[in-house]
Structure formats: structure tokens, C-alpha cells
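Structural overview
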Amino acid sequence: MIRSMTGYGRAQKILSGRDILVEIRSVNHRYYEYSSRIPRTYNYIDEKLKAMLKSGISRGKVEVNVTINNIEGRDTVVALNKGLAEEYLRVLKEFGEEINDKYVDCDEIEDYVEDDLTLSKLIKLPDIFTIQKAPDDEEQVWNDVSEVAAEALAKFVAMRETEGEKLRADVLDKAEGILGMVAKVEEQSPKTVENYRSKLYQKLTEILESKDIDQQRILTEAAIFAEKVAVDEETVRLRSHISQLKDMLASEEAVGRKLDFIVQEMNREVNTIGSKAQDLNITKVVVDMKAEIEKIREQIQNIE
């Protein structure tokens, strides 16, 4: 199916504790050109994503935006600094013992320092806990992102196909119009030779002031003229190019570049017809054909 090179696809899912959003958009380009915006910590998925999209996109300037947000708490690990906690306990116990030893003979002070150190008090001390980012399971991250990207790609391709169908219908319509113009040229071309023969006969009659005209000479001159202005070969090739154009538009492959070549060949044949034309009516038709071919050329620039 014919696809446009302009498209957009978007998908979003929550997988493995991550809110993943993938957006794909593209515009016209001669080749496949990829660019992306991915969170720096997930750059390792970029090459895989590029290859994945290339499997479904032949041409176009493709921009991908990936957003990954971890659901609160799912990407963190709380760790106990055991060494620091033990050091706190040691220092506090030593300090308590020193204070109690200092006032042990004091009659007025009994149990001057009471050992009331509890776990709830210990955890309030600085740097007892550290919060760290949990290491990524890179394979799991890629599996999740690729699942969302596949959904976005499917929507992207569907949009391209919808636009491509509109382009195909428009190009076919214009191609049919050109075929109608070719028929006019083929109809008018023999009349051009006959008009030339009549004018040549009239001119020679006026010059020679006699009706005793060498008919063979007129026929010879008319034949030479007919050979110069004959466009049969060009119209046959033009019809052939249009037939190939239609076949390509029915293809399941990416045919944008081939279509561009065929349109160049169509334009070449029409230019040749125009250069040979010795008739105003044919010249007008040639101008119209060139205008339609240019419209086709502009349209196929959008085809993948």
C-alpha cells in the first residue's frame, strides 16, 4: 500500500513500574533519517529503537520522543549505613559511661545519665540511611519500551497509509487527465501535416501563379514535414510511462524513488512533443500536460 512520508503515532503505557510514552513523527526526506530525544540514563536503548523503526519505515525524516517516568518509590533503594550506626552506638555508649563515671561519687546526683538510646532515636541521627537509585534491568527496560514503541509505530504507519491512499487517488486522477490530453495530441497531429500540405500548395500556387504544381514535390515536402513533427513515438512512450506509474501505485513496496524517475521520463516525452509541435492547439495541450505532471511530481515527493 502506498504510504505518505508524513505521519504521527503516539502510545503510552505503565509497565514494570514505569510510565512510558513514545511519540513518532516524520516529514519528507530522500532517505531514512532518524533522530531521537531519550532520557540520558536510557541512552542504551537508542540504537535498538532506531533499528526497530527502520524495519517499518523506508524513507522520511523521523523524530522520536521517548519519556520514561518511574512511579514513585519503584526506582529507589533505601540502604542502612550499618558501619555508621555501629559507630554512633559505640561513641554514645562510651560517652554515657564517661559521664556516669564522672559523677559516680556525687551524692546529689543519682544515675546522672540514663541509657535511654532506642532504635527510634538512633534512626534520627544523620546519614543513618542512604537513598540510591535502583539499577536498571536494561533488557526489561528495552522490552517495555519496544512494546510501547511497536504500538506507536502501528499508529504511525496507519496514518501514513491513510494519507498515502489520498495521494494515490489524486495522482491516478491526474494521470488519467494526462491520458486524455495525449489522445488530443494524437488526434491533432495528423491534422497538422494536412494543414501544412494545404498551406504549402496554396503558397506555391501564389508564387507560380499557376495551378500546374508539381504534386510530387508537395507530397515530398509534406512527408519531410510529417517526419519532423511526428510525435507517435513520444505519445506511445508517454502512455507506457503512465501505465508503469499506475502499476507502481498498486505496489506493496516503497516506490517513491521509482515514481520520481518515471515522472522525469514523462516530462521528457512531453518536452519533446512540445519542441516538435508546429500547431498552436498541440502547444496548448503540452502546456496543460506539463502543469499536470508538475502537480504529480509535487505529490510523489510525499510518497515513501
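Heads up: the structure comes first, above all this text.
Below or above, wherever it landed, is the structure these notes cover.

Cut-offs applied
- Residues numbered from 1 in each chain as written.
- Predicted model: local features only at pLDDT ≥ 70, side-chain atom pairs only at ≥ 80, totals over all residues.
- Heavy atoms only, no water.
- Pairing = 2+ DSSP bridges.
- Helix = DSSP H or I, 4+ residues; strand = E, 2+ residues; numbered from the N terminus.
- Axes fitted to C-alpha atoms, helices over the stretch in contact; angles between N-to-C directions.
- Core = buried A, V, L, I, M, F, W, Y, C linked by side-chain atoms within 4.5 Å.
- Buried < 20%, exposed > 50% of the residue type's maximum accessible area, 1.4 Å probe, protein only.
- Expected span 1.5 Å × (residues − 1).
- Arc of directions from axis to C-beta.
- Phe/Tyr/Trp six-rings, centres within 6.5 Å; stacked < 30°, edge-to-face > 60°.

What to know about the sheet that holds strand 1 (residues 7-15)
Taken in spatial order, the four strands make up an open sheet running 1-2-4-3, and their pairing is mixed. A strand with exactly one partner marks an edge of an open sheet, and here the two such strands are strand 1 and strand 3 (32-37). Within the sheet, the average angular offset between the axes of one strand and its neighbour, ignoring direction, is 15°. Bridge count for strand 3 against strand 4 (residues 60-70) is six bridges, and the pairing is parallel. Within strand 4, the position partnered with R37 by the bridge is N65.

Some thoughts on the nonpolar core
Formed by 31 residues in total, the largest nonpolar core has its most connected members in I178, L238, L245, L259, M266 and M289. Ranked by residue count, the leading element in this core is helix 4 (residues 138-208), at eight residues.

Notes on the pairing of strand 2 (residues 18-27)
Burial of strand 2 is extensive: seven of the 10 residues sit out of reach of the surface. Direction of pairing for strand 1 relative to strand 2: antiparallel, over a ladder of nine bridges. Note on strand 2: the bridge partner recorded for I14 is D19. Here strand 1 folds back onto strand 2, and the loop between the two strands holds two residues, one of which, S16, carries a positive phi near 50°. Sheet analysis places strand 2 next to strand 4, joined by 10 bridges and oriented antiparallel. By the bridge assignment for strand 4, V22 is matched with V66.

Focus: helix 8 (residues 280-300)
If you check helix 8, its first and last C-alpha atoms are 31 Å apart, about what 21 residues at 1.5 Å a residue would give, namely 30 Å. Taken together, the buried positions of helix 8 are occupied by I282, V285, V286, M289, E292, I293, I296 and I300. All buried residues of helix 8 fall inside an arc of 130° around its axis, so they share one side. Those residues of helix 8 that are exposed and angled more than 90 degrees off the buried face are L280 and V287.

Some details on the packing of aromatic side chains
Using the criterion set out here, one finds one aromatic pair in the structure. When the ring of Y42 is compared with that of Y44, the centres are 6.3 Å apart and the planes differ by 55°; the resulting orientation is tilted. In this structure Y42 comes out as buried when scored by relative accessible area, which is 2%. Owing to a relative accessible area of 27%, Y44 belongs among the partly exposed residues under this scheme.

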